[in-house]
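A structural walkthrough
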Amino acid sequence: MNDQVSSMTDSAIPDNLRELLEKIRRLDYEYYVLNESSLPDSEYDRMMQLLIELEAKHPEWVLPDSPTQRVGGQPQAGFTQVQHEVPMLSLDNAFSDDDMAAFYKRLQDRMNTTGSLELACEPKLDGIAVSLLYEDGRLVRGATRGDGTTGEDITANVRTIRSIPLTLRGDDWPKVLEVRGEIYMPRAGFERMNDQAREQGDKVFVNPRNAASGSLRQLDPQLTAKRPLEMCCYSVGRVDGGTLADTHFDTLNALAGWGLKINPESRVVTGLDEMLAFYQYLLARRDELPYEIDGIVFKINSFQLQQRLGFVSRAPRWAIARKFPAQEEMTRLLDVEFQVGRTGALTPVARLEPVFVGGVTVSNATLHNMDEVERIGVHIGDTVIVRRAGDVIPQVVRVIEDQRPADARPVQLPEACPVCGSAVERVEGEAVSRCTGGIHCDAQRREALKHFVSRRALDIEGLGEKLIDTLLEKGLLHTPGDIFELTADQLVELDRMGEKSASKVIAAIEAAKQTTLPRFLYALGIREVGVTTAANLAQHFGTLEKLWSASEEDLLEVDDVGPKVAAHVEHFFAEPNNRLEIERLVALGLTWPDPKPVSASMPLSGQTWVVTGKLEALSRDEAKDYLQRLGAKVAGSVSAKTHQLVAGPGAGSKLKKATDLDVPVMDEAEFLEVLREHQLWQ
Ligand code: D41
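Let us look at the structure shown here. (Residues numbered from 1 in each chain as written. Predicted model: local features only at pLDDT ≥ 70, side-chain atom pairs only at ≥ 80, totals over all residues. Heavy atoms only, no water.)

A word on the overall build of the protein. Each helix and strand counted, the protein has 25 helices and 26 strands in total. With the C-alpha coordinates of the protein rotated into their principal frame, the extents come out at 85 × 60 × 50 Å. The proportion of buried residues among the 682 residues of the protein is 48%. The long-range share in the protein, meaning contacts at least 24 apart out of those at least 6 apart in sequence, stands at 67%. Entry remark: accessible area of the protein is about 33500 Å², with carbon and sulfur atoms responsible for 48%. On the protein, the mean spot of the 77 positive side-chain charges and the mean spot of the 104 negative ones are 3 Å from each other. (Helix = DSSP H or I, 4+ residues; strand = E, 2+ residues; numbered from the N terminus. Buried < 20%, exposed > 50% of the residue type's maximum accessible area, 1.4 Å probe, protein only. Contact = heavy atoms within 4.5 Å. Areas by Shrake-Rupley, 256 points an atom, 1.4 Å probe, with all protein chains shown as cover. Lys, Arg positive; Asp, Glu negative; His and termini not counted. Charge placed at Lys NZ, Arg CZ, Asp CG, Glu CD.)

A word on unusual backbone geometry. Phi angles above zero are rare outside glycine, and aspartate 136 is one such case at about 50°. Following the sequence through the fold, aspartate 136 ends up in the loop between β4 (128–135) and β5 (138–144). Residue aspartate 662 is not a glycine yet carries a positive backbone phi of 65°. Relative to the elements of secondary structure, aspartate 662 occurs in the loop between α24 (653–660) and β26 (665–666). Judged by its relative accessible area of 32%, aspartate 662 is partly exposed.

Right, let's get into the site of the ligand. Residues in close proximity to the ligand total 16 residues, the closest being Leu89, Glu122, Leu125, Tyr234 and Lys299. Glutamate 122 places a side-chain nitrogen or oxygen 2.9 Å from a nitrogen atom of the ligand. In isolation the ligand offers 490 Å² of accessible surface; the protein chains occlude 88% of this area. Contributing elements (two or more residues each) for the shell around the ligand: β3 (118–125), β8 (230–240) and β10 (293–300). Examining the composition of the shell around the ligand, we find that 4 residues originate from one element, β3, more than from any other. (Near = heavy atom within 4 Å. Polar contact = N/O pair within 3.5 Å; in protein donor to acceptor, adjacent residues only side chain to side chain.)

Within the largest apolar cluster, 51 residues are counted, with the highest numbers of intra-cluster contacts made by Ile483, Leu521, Leu537 and Phe573. Listing elements by their share of this core, those giving two or more residues are α12 (442–453), α13 (465–473), α16 (499–512), α17 (517–523), α18 (531–541), α19 (544–548), α21 (563–574) and α22 (576–587). Discounting residues that sit within four places of it in the chain, phenylalanine 573 has contacts with Leu521, Leu524, Ile526, Leu544, Leu547, Trp548, Arg579 and Ile582. Counting residues in each nonpolar core, the second largest holds 32 residues, with Val130, Met185, Trp258 and Ile262 among its members. (Core = buried A, V, L, I, M, F, W, Y, C linked by side-chain atoms within 4.5 Å.)

Turning our attention to α21. Between the first and last C-alpha of α21 there are 16 Å, a value that for 12 residues agrees with the 16 Å anticipated at 1.5 Å per step. Within the span of α21, buried status applies to Val565, Ala566, His568, Val569, Phe572 and Phe573. For α21, the angular spread of buried residues about the axis comes to 160°, placing them on one side. Within α21, the exposed residues directed more than 90 degrees away from the buried face are Pro563, Lys564, His571 and Ala574. Here the buried face of α21 lies against α17, α18, α19, α20 (552–556) and α22. (Expected span 1.5 Å × (residues − 1). Arc of directions from axis to C-beta.)

Following the criterion strictly, the structure yields 9 aromatic pairs and no others. Both rings, one in phenylalanine 452 and one in phenylalanine 484, keep their centres 6.5 Å apart while their planes meet at 80°; by these two values the pair is edge-to-face. Separated by 32 residues along the polypeptide, phenylalanine 452 in helix α12 and phenylalanine 484 in the loop between α14 (480–483) and α15 (488–492) bring together distant segments of the chain. You'll find phenylalanine 452 and phenylalanine 484 in the same group, each marked buried. Ring centres of phenylalanine 572 and phenylalanine 573 lie 5.3 Å apart, and the angle between their planes is 85°; on these two criteria the pair is classed as edge-to-face. A relative accessible area of 14% places phenylalanine 572 in the buried class. On the accessibility criterion, phenylalanine 573 (2% relative accessible area) is buried. (Phe/Tyr/Trp six-rings, centres within 6.5 Å; stacked < 30°, edge-to-face > 60°.)

Moving on, we come to empty space enclosed by the protein. Scanning the model with the defined rule gives 1 cavity of 30 Å³ or more in all. Along its surface, the largest cavity is lined by Phe338, Leu346, Pro348, Asn369, Met370, Leu413, Ala431, Val432 and Ser433. When the residues that make up the lining of the largest cavity are grouped by side-chain class, the tally is 7 nonpolar, 2 polar and no charged. (1 Å grid on protein atoms, 1.4 Å probe; cavity = no way out; pocket = protein on both sides within 12 Å on 5 of 7 lines; lining within 4 Å. Points joined across faces, edges and corners; volume = space filled by probe spheres on them. Nonpolar A, V, L, I, M, F, W, Y, C, P; charged D, E, K, R; others polar.)

The mixed open sheet is built from 5 strands, whose spatial order is β2-β13-β10-β3-β9. Strands with a single pairing partner mark the edges of an open sheet, and in this sheet they are β2 (93–94) and β9 (267–270). Judged from the 4 bridges that link them, β3 and β9 form a sheet pairing that is antiparallel. In the strand pairing of β9, glutamate 118 is matched with threonine 270. The strands touched by helix α8 (residues 248–257) are β3, β9 and β10; relative to β3, the strand with the most contacts, the crossing angle is about 50°. (Pairing = 2+ DSSP bridges. Axes fitted to C-alpha atoms, helices over the stretch in contact; angles between N-to-C directions.)

Compared with the 16 Å implied by 1.5 Å per residue over 12 residues, the 16 Å span of α22 between its first and last C-alpha is a close match. Those residues of α22 lying buried are Glu581, Ile582 and Leu585. Considered in projection along α22, the buried side chains sweep an arc of 100° and stay on one side of the axis. What points out from α22, more than 90 degrees from its buried face, is the exposed set Pro576, Leu580 and Ala587.

At a minimum axis separation of 5 Å, α21 and α22 run at an interaxial angle of 70°. The orientation of α21 with respect to α22, classified from their angle, is roughly perpendicular. Residues Phe572, Phe573 and Ala574 of α21 lie in contact with α22, whose contacting residues are Pro576, Asn578, Arg579 and Ile582. Its residues placed into classes, the contact of α21 with α22 shows 5 nonpolar, 1 polar and 1 charged. (Parallel < 35°, antiparallel > 145°, perpendicular 65-115°, else oblique.)

Burial analysis of strand β23 (residues 608–612) places 5 of its 5 residues in the buried class, which makes it a mostly covered element. Here β23 shows no split at all, with Thr608, Val610 and Thr612 on one side and Trp609 and Val611 on the other all buried. The pairing of β23 with strand β24 (residues 633–635) spans 3 bridges and is classified as parallel. Bridging across to β24, tryptophan 609 finds its partner in valine 634. In this view, the connection linking β23 to its parallel neighbour β24 by way of helix α23 (residues 620–629) has right-handed handedness. As judged from the 4 bridges shared by β23 and strand β25 (residues 644–647), these two strands associate in the parallel manner. Bridge pairing in β25 places tryptophan 609 opposite glutamine 644. (Right-handed = clockwise from strand over helix to strand, strands pointing away.)

Summed over the entire model, instances satisfying the criterion amount to 39 salt bridges. In this structure, glutamate 122 and lysine 299 form a salt bridge, with 2.6 Å as the shortest nitrogen-oxygen distance. Of this pair, glutamate 122 sits in strand β3 while lysine 299 sits in strand β10; the two residues are 177 residues apart in sequence, bridging distant segments of the chain. Assessed through its relative accessible area of 5%, glutamate 122 is described here as buried. (Salt bridge = Lys/Arg side-chain N within 4 Å of Asp/Glu carboxyl O.)

A few words on the state of the cysteines. All chains considered together, the criterion is met by 0 disulfides. For the unlinked cysteine cysteine 441, the closest cysteine sulfur is that of cysteine 420, found at 3.7 Å. (Disulfide = S-S within 2.5 Å.)

None of this, on its own, says anything about what the molecule does.
Following this line, the structure appears as structure tokens:
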């Protein structure tokens, strides 16, 4: 920051510069607080560049709250202490509906009423509580909550967070306004940051909260600036020279009007039943939210009533945090087993003493790969922390090392495949170890068959995991082709298989012979060829014959196909056994229609679309299907060549990339409108 100009105000600079500053601030507000943008990023970058040039020529025009001044200054030696004039209170917890009912009754009793009470409710963000001090609308100090009385001055770090305005919008704010809230790291940013750290062998954070805390505690604000932090406001502290609304909810909305971010899920409810209903509602949506929450905070809405209720031992009587089931719990690692996947990859799986976490009982968790095992330093017998957040599979994230028993033993990668005994190899530079048994490994064979019949592949209903296992055991099934030689008589012989279900399975197998080229290619289980790549390959080559004689160069022409995928595809078709199996499948009657040539008259031909986030009315697969029917290519990642991104809620890095690259973005409603235009949607 430029100290000599820190007292300068907007009036001391030329009009055109002031207008430029206002435009950039407006765009920052739209993008970082409202999550929308009215101009492409290129335009923003151009304005920012202009500002940087102007300021370089005229250092005397650099305002302390210029967008260029978010990262400034030198790394600090330490953080100085800050006294909170108005203490930052803590929150009592409720863990059940009974606790909530007791809280509500206490409120009614204290207020001598049996009438309904009005409470504001908001998600309880899992981050770090902070205080922002604005004087004359300018951010002058940021501090951590600390113990509620004494915190640390983190002004330089909070200035780097784009959703925190350096200057308040409007002009009706109090002269001195202390705003409180939570700084947190959204899930997508957390995952992205950890992925990068893992790639570079850097420290990985165990959860978004620790990541936020670690990022704020950086003495060098340049490092904080690189972390995807956000801030949501939930109360006010000191207020001088102005007044606020009468209720918590109206005050939040006033904060929003001044350009501060508030939680869009916040609302006001009346009575205990509505409080409990809001808890259920948000609990059900917990995994969809783009950030982690550990509960809901309920606050008496009226400031007057808050005042009357007061507080006891640093916690207000008028507020409570209803906690969600914890997403991290402690348990014991009983053993580590290695699972063999379709491609032979060995995944270490933790067998745990069952523990209730994130709302379910967990007895298995993934350890990803041996690099991860080493990174966590886990031994069998250890007490570990298991985490289950969002829809993802439970993970072992940490070890409590000082609780390691004397007989704990290190986890060892087996030298031979636990299923087929073939050698296990670890490719240089890859974290994954693989069984080299290929199709001779029962585990790989089983997984390949399961994949072949799965929903997005040949979709053979009735031929599930259990039946495949039985057929493998009886020696009736070895490779995919065998499926089409099964007879009803053979099936009836099996346990728990009546004539009716046997003929159903046979009928489903018969029906599956009529398939499509994309499905067939996906079903083959070529490494790194998912649904989208399979569809792109089919569309590009048109026929299987053309694809299997394609050179690596030809393959690289296909959207979304890089050298790695190209090599896998080429390798797959070069293998005589694979060719024989495909020929056998065709001889057994597998057919697919020739793909319609992509004519220039198709509405979206020549265009590449990407679909991301959660869609409501249709699945992402269906969306892709429709797009392909309109002639569009569907890619898995956004690049400069992308014509359009369809983004549902929860869209993360792809949305960001699209905005960065000026790729047009539409939401689901707009997408359905496109489908409607082409008579593909009601
Ligand atoms: O989202 C949160 N983590 C959150 C924390 C919230 N939405 N509201 C909060 N309200 C308060 C009071 C009622 C004391 C103003 C809080 C916290 N406190 C809080 N955060 C850390 C300690 C207390």
